[in-house]
Amino acid sequence: MFKLTSLNLNGIRSATSKGVEPWIASMRPDCICVQEVKAQAADVATRFEKLAGMQGHFHFAQKKGYSGVGIYTRHEPSEVIAGYGSPEFDAEGRYIELRFDTPARKLSIISAYFPSGSSGEERQLAKYRFLDAFHPHLMTAKSEREFILCGDINIAHQQIDLKNWRSNQKNSGFLPEERAWMTKLLHTTDPGGGLVDVYRQLQPTATDTAYTWWSNRGQAYANNVGWRLDYHLATPALAALARTEHIYKDEKFSDHAPITVDYDFTL
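Quantities reported herein were computed from a predicted structural model and do not represent experimental measurements.

Conventions we followed
Residues numbered from 1 in each chain as written. Predicted model: local features only at pLDDT ≥ 70, side-chain atom pairs only at ≥ 80, totals over all residues. Heavy atoms only, no water. Helix = DSSP H or I, 4+ residues; strand = E, 2+ residues; numbered from the N terminus. Rg over C-alpha atoms; globule rule 2.2 N^0.38 Å. Buried < 20%, exposed > 50% of the residue type's maximum accessible area, 1.4 Å probe, protein only. Contact = heavy atoms within 4.5 Å. Areas by Shrake-Rupley, 256 points an atom, 1.4 Å probe, with all protein chains shown as cover. Lys, Arg positive; Asp, Glu negative; His and termini not counted. Charge placed at Lys NZ, Arg CZ, Asp CG, Glu CD. Arc of directions from axis to C-beta. Pairing = 2+ DSSP bridges. UniProt positions renumbered as here; feature names shortened; annotations may be inferred. Polar contact = N/O pair within 3.5 Å; in protein donor to acceptor, adjacent residues only side chain to side chain.

J.: I'm lost on the overall build of the protein in this one. Help?
T.: In terms of helices and strands, the protein carries eight helices and 15 strands. Computed over C-alpha atoms, the radius of gyration of the protein comes to 17 Å, within 12% of the 18 Å expected from 2.2 N^0.38 for 267 residues, which places it in the range of a compact globule. Its C-alpha atoms put the protein at 45 × 45 × 35 Å along the principal axes. For the protein, with 267 residues in total, the buried portion stands at 55%. Taking contacts inside the protein between residues at least 6 apart in sequence as the whole, the part at least 24 apart equals 69%. On the protein, roughly 11,400 Å² of surface is accessible, and the fraction owed to carbon and sulfur atoms is 50%. Here the protein carries 30 positive and 31 negative side-chain charges, and the mean point of each set is 3 Å from the other.

J.: Sorry if this is basic, but what is going on with the environment of V44 here?
T.: Relative to the helices and strands, V44 resides in helix 3 (residues 41-45). It is 15 Å that separates the C-alpha atoms of V44 and C33, two residues lying 11 residues apart in sequence. Apart from the residues within four sequence positions on either side, V44 is in contact with V37, A39, E49, F58 and F60.

J.: Help me understand helix 6 (residues 176-185), please; the structure alone is not making it clear to me.
T.: Side chains that are three or four residues apart share a direction in an α-helix, a result of its 3.6 residues per turn. Those residues of helix 6 that sit buried are E178, W181, M182 and L185. Taken end-on, helix 6 shows its buried residues confined to a sector of 95°, consistent with a single buried face. Turning to helix 6, the residues buried within the fold contact helix 5 (121-144) and strand 13 (230-234).

J.: Which parts of the structure should I look at to understand the pairing of strand 15 (residues 259-263)?
T.: A regular strand places its side chains so that they alternate between the two faces of the sheet. The element strand 15 is extensively covered by neighbouring structure, given that five of its five residues are classed as buried. Here strand 15 shows two buried faces, one formed by I259, V261 and Y263 and the other by T260 and D262. Both strand 1 (residues 2-8) and strand 15 contribute to a ladder of five bridges, which runs antiparallel. Across the sheet, the residue bridging to L4 is V261, located in strand 15. Strand direction decides the pairing type here: strand 14 (residues 242-247) and strand 15, joined by five bridges, are antiparallel. Bridged to T244 within strand 15 is D262.

J.: Could you clarify how one ought to interpret the UniProt feature "site: Important for catalytic activity" (unreviewed entry) in the protein in this entry?
T.: Mapped onto the present numbering, the UniProt feature "site: Important for catalytic activity" (unreviewed entry) falls at D230. Mapped onto the elements of the fold, D230 is located in strand 13. With relative accessibility at 0%, the residue D230 sits in the buried group. Discounting residues that sit within four places of it in the chain, D230 has contacts with N8, Q35, G151, D152, T212, H256 and I259. Separated by 2.5 Å, the side chains of D230 and T212 make a polar contact.

J.: Could you clarify how one ought to interpret the sheet that holds strand 5 (residues 69-73) in this entry?
T.: By definition, the strands of a sheet pair up through backbone hydrogen bonds, in either a parallel or an antiparallel sense. Sheet architecture is open: seven strands sit in the order 3-4-5-2-1-15-14, paired in mixed fashion. Looking at which strands have only one partner, the edges of the open sheet turn out to be strand 3 (50-51) and strand 14. Relative to strand 4 (residues 54-59), strand 3 runs antiparallel, the two sharing two bridges. Bridged to L51 within strand 4 is M54.

Written out as structure tokens, the structure reads:
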């Protein structure tokens, strides 16, 4: 089995202070994709280049204390790609891809952190620019290789993906345009689709148990007023190998919960 975890850390220093490293050690994933590292290369080099014995590969934001993604892995990649070719968003540290290619296959694990538009119209417009540029990148990747993209997508796709969908229809993360982007991406026959939402494949009707993010305001976590923002998006051949999923909520390392999927293959 290939065990793959995704977790928005909301700061690697913060998450490690809350016990994420011993949890990773106990879980023993093959790879863990992390988002919102909120650190620079110099910070990571002195402390976080490895976690629980796993080697990290990173794409940092130019802005300090902001964004940043990484993948910790037990397996040596054949290639590491930081950024997806967008000058605007590569500067924000939103994409890292590890390739595990052999003569028999082309396979990538990707950690991505989609922009949030919740701070205002300017960032919402940036989010739309990201989605517009990222879609053709995913379509090209799908035509060339098998991949699993893990990350904080910052979109709740369907009504069952957040607690208060009625009151959030005009809020970033559940806007019609964002949801339509996801619908197209996951469409089984649209030429601009073809990816699989792995969690929903395994848990097509889950609601309250599906959430991976809770606002720090009020009693959102205590009352499970959550959103499903963290995804595994896979090419169909790899999605077909997904066997079990688990969203871990026994400890709180971040405002997000880690989501782990076991796939029936090995690197």
